[in-house]
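Spelled out, the chains give:
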Amino acid sequence: MTAQAFDTAGTAQAEPLWEVKIGSAAGQFFTSRRKAAEGLVRLAEHRMKQGRPLNFTVLRLDDEDKPDRDASSDVAEVFAATGYPANDDEGLREGTIDCLEAILPSDFA
C-alpha cells in the first residue's frame, strides 16, 4: 500500500508506507517519511519518560504491504548522533525529525 503525495507540478507520487514496531507489539503505520519521522520522535520521547530503551524496528512496506527495507539501524544511528530525546531541546527535536526524514528512503529502487 502506498500513500499518494504530489510533487510541485501536481503530479501524483506514491510514497511508501512505513511500519514502526517496538518489540513484539503491533506496529504503527505512517503514510510518509515525515509522518514516520515525527512518529518516531514521539515514541522516543514517550519511551524515554518511561525509562525504556529506544529499540525500534522501522520497515518500509512495498505495494503488497511486505517489508522491502529495514531502516532500524539507520534510525538508531540518528538518535545516537543527535542525542535526542535525552538532550531535550526543541531545536534538537526538529533537527532529529529532519534527519530521520532524510535517511528514510522514499523510492523503491
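Up top you'll find the structure we're talking about.
Predicted model only: the values in this text are computed from it and were never measured. (Residues numbered from 1 in each chain as written. Predicted model: local features only at pLDDT ≥ 70, side-chain atom pairs only at ≥ 80, totals over all residues. Heavy atoms only, no water.)

To continue, consider the side chain of R93. Examined against the element boundaries, R93 turns out to sit in helix 3 (residues 90-103). For R93, a relative accessible area of 18% corresponds to the buried category. Contacts of R93, omitting those with residues within four sequence positions, involve V41, R42, E45 and Y84. (Helix = DSSP H or I, 4+ residues; strand = E, 2+ residues; numbered from the N terminus. Buried < 20%, exposed > 50% of the residue type's maximum accessible area, 1.4 Å probe, protein only. Contact = heavy atoms within 4.5 Å.)

Buried within helix 2 (residues 72-82) are the following residues: S72, V75, V78, F79 and T82. An end-on view of helix 2 places all buried positions within 125 degrees of arc, on one side of the element. Among the exposed residues of helix 2, those pointing more than 90 degrees away from its buried face are E77, A80 and A81. Where the residues of helix 2 are buried, they touch helix 1 (33-50), strand 4 (56-61), strand 5 (67-70) and helix 3. One or two positions beyond helix 2, positive phi appears at G83, with a value near 80 degrees. (Arc of directions from axis to C-beta.)

Moving on: the nonpolar core. In terms of nonpolar packing, the biggest core is built from 19 residues, with L40, F56, V58, V75, F79 and L100 touching the most fellow members. Counting residues per element, the ones that place at least two in this core are strand 2 (12-22), helix 1, strand 4, helix 2 and helix 3. Looking at this core, the element that brings in the most residues is helix 1, giving six residues. Setting aside its immediate chain neighbours within four residues, V58 contacts W18, E19, V20, L40, R69, D70, A71, S72, V75 and L104. (Core = buried A, V, L, I, M, F, W, Y, C linked by side-chain atoms within 4.5 Å.)

The angle between the axes and the distance between the axes are what describe a pair of packed helices. The geometry of helix 1 relative to helix 3 is characterised by a closest axis approach of 8 Å and an angle of 130 degrees between their N-to-C directions. Taken together, the axes of helix 1 and helix 3 lie oblique to each other. Between helix 1 and helix 3 lies a crossing of right-handed hand. Residues R33, R34, A37, E38, L40, V41, R42 and E45 of helix 1 touch helix 3, and the partners they reach there are R93, E94, T96, I97, D98, L100, E101 and A102. Taken together, the residues of the contact of helix 1 with helix 3 break down into six nonpolar, one polar and nine charged. (Axes fitted to C-alpha atoms, helices over the stretch in contact; angles between N-to-C directions. Parallel < 35°, antiparallel > 145°, perpendicular 65-115°, else oblique. Left-handed = near helix turned anticlockwise from the far one by under 90°. Nonpolar A, V, L, I, M, F, W, Y, C, P; charged D, E, K, R; others polar.)

The next subject is the environment of T57. Here T57 lies in strand 4. A relative accessible area of 27% means that T57 is categorised as partly exposed. Once the C-alpha coordinates of T57 and S73 are considered, the two residues, 16 residues apart in sequence, prove to be 8.5 Å apart. Residues contacting T57, with those up to four places away along its chain left out, are E19, V20, K21 and S72.

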